[in-house]
Amino acid sequence: MFPDRTPGTPGTPPVRAPRPPGGDAPEADDFTRPYWQAAAAGLLLVRRCRACARAHHYPREFCPHCWSEEVGWEQASGRATLYTWSVVHRNDLPPFGERVPYTAAVVDLAEGPRMMTEVVDCPEAQLRIGMALRADFRKRTADPAAWAVPVFRPA
């Protein structure tokens, strides 16, 4: 793709470790590893600012509300309400094409942040803005140490 460039030179895409098969596999790094390890154990984490006390998601090393770097991990309750959704009927990217139709959604976590996710085990006709949801986790394998992605289902 870049025959005149070697990895690590300016203008060359970074070299990344190979990912497991499937486009929804997380890329954990030192910062996000606690989040993905908790998800594998069936726990949802958010970040909470010690300066302004507000929670946020997606995980960042600073507070997006007050810019403080005094933030830490906190276990979320797993409770949420449906803010909006879209039912996806076509997706050509593996492994998503095998899952159509699926419900891509934005939920409001009980702790305050909004989160992009998927609603599972709920027919489209039953979806309602404000409906109560609870976190669950999609695992690729039965291995308890395998990564998991948070999804939500009706409470």
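Before any of the text, the structure's been laid out above.
Residues numbered from 1 in each chain as written. Predicted model: local features only at pLDDT ≥ 70, side-chain atom pairs only at ≥ 80, totals over all residues. Heavy atoms only, no water.

Visitor: A description of the nonpolar core should follow, citing residues and the corresponding values.
Guide: In this structure, Leu 44, Leu 82, Val 107, Leu 109, Leu 133 and Phe 152 are the most contacted members of the largest nonpolar core, which totals 27 residues. For this core, the secondary-structure elements that each account for two or more residues are α1 (33-40), β1 (45-49), β4 (79-88), β5 (102-109), β6 (114-119), β7 (132-139) and β8 (148-154). With four residues, the top contributor of residues to this core is α1. The contacts of Leu 82, once residues within four sequence positions are left out, are Ala 105, Val 106, Val 107, Val 119, Leu 127, Arg 128, Ile 129, Gly 130, Met 131 and Leu 133. (Core = buried A, V, L, I, M, F, W, Y, C linked by side-chain atoms within 4.5 Å. Buried < 20%, exposed > 50% of the residue type's maximum accessible area, 1.4 Å probe, protein only. Helix = DSSP H or I, 4+ residues; strand = E, 2+ residues; numbered from the N terminus. Contact = heavy atoms within 4.5 Å.)

Visitor: Provide a residue-level description of the pattern of salt bridges, including the pertinent values.
Guide: This model, assessed by the stated rule, comprises eight salt bridges. Between Asp 108 and Arg 114 there is a salt bridge, and its shortest N-O distance comes to 2.7 Å. Between Arg 153 and Asp 121 there is a salt bridge; the shortest N-O distance is 1.9 Å. Pair noted here: Arg 153 is in strand β8 and Asp 121 is in the loop between β6 and β7, with a separation of 32 residues, a long-range link. One network of salt bridges, with partners in common, ties together Asp 121, Asp 136 and Arg 153. (Salt bridge = Lys/Arg side-chain N within 4 Å of Asp/Glu carboxyl O.)

Visitor: Tell me about the pairing of β7, and please be specific about residues and values.
Guide: Remember that side chains alternate between the two faces of the sheet whenever the strand is regular. In the sheet, β4 pairs with β7 via three bridges, with the strands oriented antiparallel. Looking across to β7, one finds that Arg 79 is bridged to Arg 134. Here β7 pairs with β8 via seven bridges, running antiparallel. Across the sheet, Lys 139 pairs through a bridge with Ala 148, a residue of β8. (Pairing = 2+ DSSP bridges.)

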